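What follows is the residue order along each chain.
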Amino acid sequence: FRLRVLPLPGLLSSAAIIFVAGCFGSVIDSVLGDTLQAKYLSDESGTLTEKPFSGEKENALARGFRFVTNDVVNLLSSALAAVLGFFCALFLAALR
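Note that the structure is a prediction, hence the values are computed from the model and not measured. (Residues numbered from 1 in each chain as written. Predicted model: local features only at pLDDT ≥ 70, side-chain atom pairs only at ≥ 80, totals over all residues. Heavy atoms only, no water.)

1. Some thoughts on the environment of V31
One can find V31 in helix α1 (residues 8-35). Note on V31: relative accessible area 43%, which makes it partly exposed. Along the sequence, V31 and S77 sit 46 residues apart, while their C-alpha atoms lie 9.4 Å from each other. (Helix = DSSP H or I, 4+ residues; strand = E, 2+ residues; numbered from the N terminus. Buried < 20%, exposed > 50% of the residue type's maximum accessible area, 1.4 Å probe, protein only.)

2. Examining the side chain of S77
Within the fold, S77 resides in helix α2 (residues 70-95). Residue class for S77 comes out buried when judged on its relative accessible area of 5%. Ignoring any residue separated from it by four or fewer positions in sequence, one finds S77 in contact with G25, I28, D29 and L32. (Contact = heavy atoms within 4.5 Å.)

3. What about the sheet that holds strand β1 (residues 39-41)?
Pairing in this open sheet of three strands is antiparallel, and the strands run β2-β1-β5 from one edge to the other. The strands lining the two open edges of the sheet, one partner per strand, are β2 (48-49) and β5 (60-63). Inspection of the sheet shows β1 paired to β5 by three bridges, in the antiparallel sense. By the bridge assignment, K39 is partnered in β5 with R63. (Pairing = 2+ DSSP bridges.)

4. So, the pattern of salt bridges
Tallied over the full model, the rule gives three salt bridges. D43 serves as the salt-bridge partner of K57, at 3.3 Å between the closest nitrogen and oxygen. Of this pair, K57 sits in strand β4 (residues 57-58) while D43 sits in the loop between β1 and β2, and the two are 14 residues apart along the sequence. Take D43: its relative accessible area is 48%, and that puts it in the partly exposed class. (Salt bridge = Lys/Arg side-chain N within 4 Å of Asp/Glu carboxyl O.)

5. A word on the environment of S54
Of note, S54 is situated in strand β3 (residues 53-54). Assessed through its relative accessible area of 12%, S54 is described here as buried. A C-alpha to C-alpha distance of 7.6 Å links S54 and D43, two positions eleven residues apart in sequence. Apart from the residues within four sequence positions on either side, S54 is in contact with S42, E44 and N59. Looking at S54, its side chain comes within polar contact range of the side chain of N59, at 2.9 Å. (Polar contact = N/O pair within 3.5 Å; in protein donor to acceptor, adjacent residues only side chain to side chain.)

Shown next, in the form of structure tokens:
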């Protein structure tokens, strides 16, 4: 088994794809977190929280979807960033 080193142009294009996909994933994470993630109104503090319970008392859902937790948002944004990176790599490969 030999480790093959990419030539400099290939390495730079790979780095650019990773950078763009990472930035895209970060933006998507923020958008999904703000629009779809469940936010609850805490009775104790009167503020919005991601936690469905304060102590043993259930917090009221203020916005978002109950099943969309921070873990779901992270999974979706990572998956979408990976898909974008894949299609960018396909696009660059088709240009060569």
